[in-house]
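Letter by letter, the chains look like this.
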Amino acid sequence: MQSFTFDQPATRVIFGVGAFDRLADEVRRLGLKRALVLSTPEQREDAEEAARRLGDLAAGIFPHAVMHVPIETAREARDTARRLDADCCVAIGGGSTIGLGKAIALESGLAIVAVPTTYAGSEMTPIYGLTEDGIKKTGRDRKVLPKTVIYDPALTLTLPPKIAGPSGMNAIAHCVEGLYAMDGNPIISMFAAEGIRALARSLPRVVETPGDLDARADALYGAWLAGTVLGAVSIGIHHKLCHTLGGTFNLPHAEVHTVILPHAVKFNSRAAPEAMRIAAEALGAESAAWGLFDLAVRLGAPVALKDIGMPADGLERAAELSTQNPYANPRPVEYEGVLELLRNAYAGTRPEA
Ligand code: NAD
């Protein structure tokens with residue numbers, strides 16, 4: 001048995017169809033009185049519905065969240081929270097909206113109640129990000145962890161298959177890297193394996209029959225576990241590559257994860273055999289890399305960097321950037337190996353077992 005430290009902050013989680021009905025009770029239970037509701041412009045109606053349910057507890061809505069939390073948006077949201085005398089934020093949406101809530105909490109200490117509607121998992125992590133002058137800076141602070149997370153699968157019914165598939169693969173990536181994290185532990189590995197199992201069995205159903213509420217619930221359950229894994233242990237080459245590609249080449253977040261994951265797993269397969277065995281078993285596949293690639297194909301998600309906006313002449317630069325300050329990883333992260341990984345991901349070839 002390995003030695004480990006388990007230091008998991010507790011977040012209250014309310015899970016189930018209809019859990020959204022408990023929003024006002026949860027805000028009240030936390031002793032809060034004036035909630036600023038956050039969303040993206042696309043989910044403005046969700047924010048309005050949340051405000052309606054909050055009634056007197058709603059201070060206003062701020063439906064301007066966008067990807068990667070630009071500092072200007074964060075400042076505007078913080079000013080709005082101050083002007084409206086808000087004592088908490090209700091963030092309803094995906095990682096972009098919850099990220100905006102975190103940016104407010106980081107500065108003001110306001111409590112967050114998160115109502116996630118994608119599988120990104122940000123609601124369970126102390127990780128925040130802010131983009132200034134085109135550069136995204138991330139950090140960890142427990143102050144940004146939501147006090148309560150309300151998971152209502154009914155809210156994910158509107159998540160189109162085109163977003164749901166990659167978002168689910170993004171969640172699986174958190175689990176896979178948790179299995180071989182240098183600071184991993186057996187409890188988190190249990191969460192990771194169960195997260196992969198739940199997502200692998202539910203995502204094809206979500207994409208094939210988008211109205212299947214059981215499948216939506218199973219996927220959201222997997223996403224919760226995945227977010228917990230991401231919040232608890234460190235990340236390796238896969239996330240490093242995705243951050244580099246997303247930040248430098250402005251590629252779409254969940255899609256980059258989907259494309260890179262099978263190749264990052266292949267890269268690490270010999271260095272982390274036990275993690276790969278667990279992942280393959282949870283995927284019901286002969287090898288983890290194959291299982292992940294085949295799942296992405298089945299979901300109709302992208303499998304090639306060339307199809308999501310990556311310029312062919314950017315591969316060397318991406319390899320250089322991601323090997324400069326690599327995250328801890330089971331296999332040493334050196335330029336040649338990473339370039340080969342990126343070339344395969346660019347072409348979208350099925351990795352070797
Ligand atoms: P997103 O939040 O950007 O949402 C994508 C789009 O889908 C938006 O237009 C949104 O309004 C819409 N949408 C969300 N839920 C919907 C629903 N149920 N129905 C219809 N439309 C819906 O995407 P995301 O993948 O959830 O989040 C990505 C961002 O989150 C990235 O910036 C990433 O860096 C960050 N992230 C952070 C963490 C962390 O721990 N800090 C973890 C994962 C992701």
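Refer to the structure presented above.
Figured I'd write up the structure that's included with this text.

1. So, the overall build of the protein
And then number 1: Along the protein, the regular secondary structure elements total 13 helices and eight strands.
And then number 2: Principal-axis analysis of the C-alpha atoms gives the protein an extent of 60 × 40 × 40 Å.
And then number 3: Residue burial in the protein is summarised as follows: out of 353 residues, 58% are buried.
And then number 4: Restricting to contacts in the protein with at least 6 residues of sequence separation, those with at least 24 account for 75%.
And then number 5: Working note: accessible area of the protein is about 14600 Å², and carbon and sulfur atoms make up 51% of it.
And then number 6: Each charge class in the protein was averaged separately, 35 positive and 41 negative side chains, and the resulting centres sit 3 Å apart.

2. Examining helix H13 (residues 335–347)
And then number 1: Relative to the 18 Å expected for 13 residues at 1.5 Å per residue, H13 spans 18 Å between its end C-alpha atoms, a close match to the ideal helical length.
And then number 2: Following H13 by one or two positions, Gly348 adopts a phi angle in the positive range, close to 80 degrees.

3. Focus: the packing of helix H5 (residues 161–179) against helix H6 (residues 186–208)
And then number 1: Viewed as axis vectors pointing N to C, H5 and H6 meet at an angle of 160 degrees, and their least axial separation amounts to 9 Å. The angle between the axes of H5 and H6 places the two elements in the roughly antiparallel class. Like other packed secondary-structure pairs, H5 and H6 cross with a definite hand, here left-handed. In this structure, H5 contributes Pro161, Ala164, Gly165, Gly168, Met169, Ala171, Ile172, Cys175, Val176 and Leu179 to the contact, and H6 contributes Ser189, Ala192, Ala193, Gly195, Ile196, Leu199, Ala200, Leu203, Val206 and Val207.
And then number 2: Looking at side-chain class alone, the contact of H5 with H6 contains 16 nonpolar, four polar and no charged residues.

4. Focus: the site of the ligand
And then number 1: Within the structure, the ligand sits among 23 residues, and Thr40, Ser96, Thr117, Thr118 and Thr125 are positioned closest to it.
And then number 2: Here an oxygen atom of the ligand sits 2.6 Å away from a polar atom, N or O, in the side chain of Thr118.
And then number 3: Contact between the ligand and Lys136: an oxygen atom at 2.9 Å from a side-chain N or O atom of the residue.
And then number 4: When the ligand sits alone it has 860 Å² of accessible area, and the protein chains cover 85% of it.
And then number 5: Take the shell around the ligand: its biggest share by element is three residues, from helix H4 (residues 95–108).
And then number 6: Class assignment of the residues belonging to the shell around the ligand gives a composition of seven nonpolar, 13 polar and three charged.

5. A closer look at the packing of aromatic side chains
And then number 1: Summed over all chains, the structure comprises two aromatic pairs.
And then number 2: Both rings, one in Phe15 and one in Tyr151, keep their centres 5.9 Å apart while their planes meet at 45 degrees; by these two values the pair is tilted. In this pair, Phe15 is assigned in strand S1 (residues 12–15) and Tyr151 in strand S8 (residues 148–151), connecting sequence segments 136 residues apart.
And then number 3: Relative accessible area serves as the criterion here: at 0%, Tyr151 is assigned to the buried category.

6. A few points about a nonpolar patch on the surface
And then number 1: On the surface, a cluster of nonpolar side chains totalling about 570 Å² of accessible area is made up of Met1, Phe4, Phe6, Ile187 and Met190.
And then number 2: Summarising the element assignment, Phe4 is placed in the segment before S1.
And then number 3: Residue classification places Phe4 among the partly exposed residues on the basis of a relative accessible area of 37%.

7. Quick notes on the pattern of salt bridges
And then number 1: A full pass over the atoms with the stated rule returns 22 salt bridges.
And then number 2: In this structure, Asp21 and Arg53 form a salt bridge, with 2.5 Å as the shortest nitrogen-oxygen distance. Within this pair, whereas Asp21 is found in the loop between S1 and helix H1 (23–29), its partner Arg53 is found in helix H2 (residues 44–54), the two being separated by 32 residues in sequence.
And then number 3: Taking relative accessible area as the criterion, Asp21 reaches 55% and is therefore assigned exposed.
And then number 4: By relative accessible area, Arg53 is classed as partly exposed at 30%.

8. Focus: H6
And then number 1: The terminal C-alpha atoms of H6, which comprises 23 residues, lie 34 Å apart, in line with the 33 Å expected from a rise of 1.5 Å per residue.
And then number 2: The axis of H6 is deflected most strongly, by about 30 degrees, at Ser202, and proline Pro204 appears within four residues downstream.
And then number 3: Backbone nitrogen of Ile187 and a side-chain oxygen of the N-cap are separated by 3.0 Å at the start of H6; the cap is Asn185.

9. Considering the pairing of strand S2 (residues 35–38)
Taken residue by residue, a regular strand's side chains alternate between the two faces of the sheet.
And then number 1: Where burial is concerned, the two faces of S2 agree: the one with Ala35 and Val37 and the one with Leu36 and Leu38 are both buried.
And then number 2: Summarising the sheet, S2 and strand S3 (residues 58–62) pair through four bridges and their orientation is parallel. Directly across from Leu36, in S3, lies its bridge partner Gly60.
And then number 3: With respect to chirality, the unit in which S2 leads through H2 into the neighbouring parallel S3 is right-handed.
And then number 4: Examined bridge by bridge, S2 and strand S4 (residues 88–93) share four bridges and lie parallel to one another. Its bridge partner lying in S4, Ala35 is registered against Cys88.

The rules behind each value
- Residues numbered from 1 in each chain as written.
- Predicted model: local features only at pLDDT ≥ 70, side-chain atom pairs only at ≥ 80, totals over all residues.
- Heavy atoms only, no water.
- Helix = DSSP H or I, 4+ residues; strand = E, 2+ residues; numbered from the N terminus.
- Buried < 20%, exposed > 50% of the residue type's maximum accessible area, 1.4 Å probe, protein only.
- Contact = heavy atoms within 4.5 Å.
- Areas by Shrake-Rupley, 256 points an atom, 1.4 Å probe, with all protein chains shown as cover.
- Lys, Arg positive; Asp, Glu negative; His and termini not counted.
- Charge placed at Lys NZ, Arg CZ, Asp CG, Glu CD.
- Expected span 1.5 Å × (residues − 1).
- Axes fitted to C-alpha atoms, helices over the stretch in contact; angles between N-to-C directions.
- Parallel < 35°, antiparallel > 145°, perpendicular 65-115°, else oblique.
- Left-handed = near helix turned anticlockwise from the far one by under 90°.
- Nonpolar A, V, L, I, M, F, W, Y, C, P; charged D, E, K, R; others polar.
- Near = heavy atom within 4 Å.
- Polar contact = N/O pair within 3.5 Å; in protein donor to acceptor, adjacent residues only side chain to side chain.
- Phe/Tyr/Trp six-rings, centres within 6.5 Å; stacked < 30°, edge-to-face > 60°.
- Patch = residues over 30% accessible without salt bridge, like charges linked within 9 Å, V, L, I, M, F, W, Y side chains within 5 Å.
- Salt bridge = Lys/Arg side-chain N within 4 Å of Asp/Glu carboxyl O.
- Bend = angle between axes of the 7 residues up to and from the residue.
- Pairing = 2+ DSSP bridges.
- Right-handed = clockwise from strand over helix to strand, strands pointing away.

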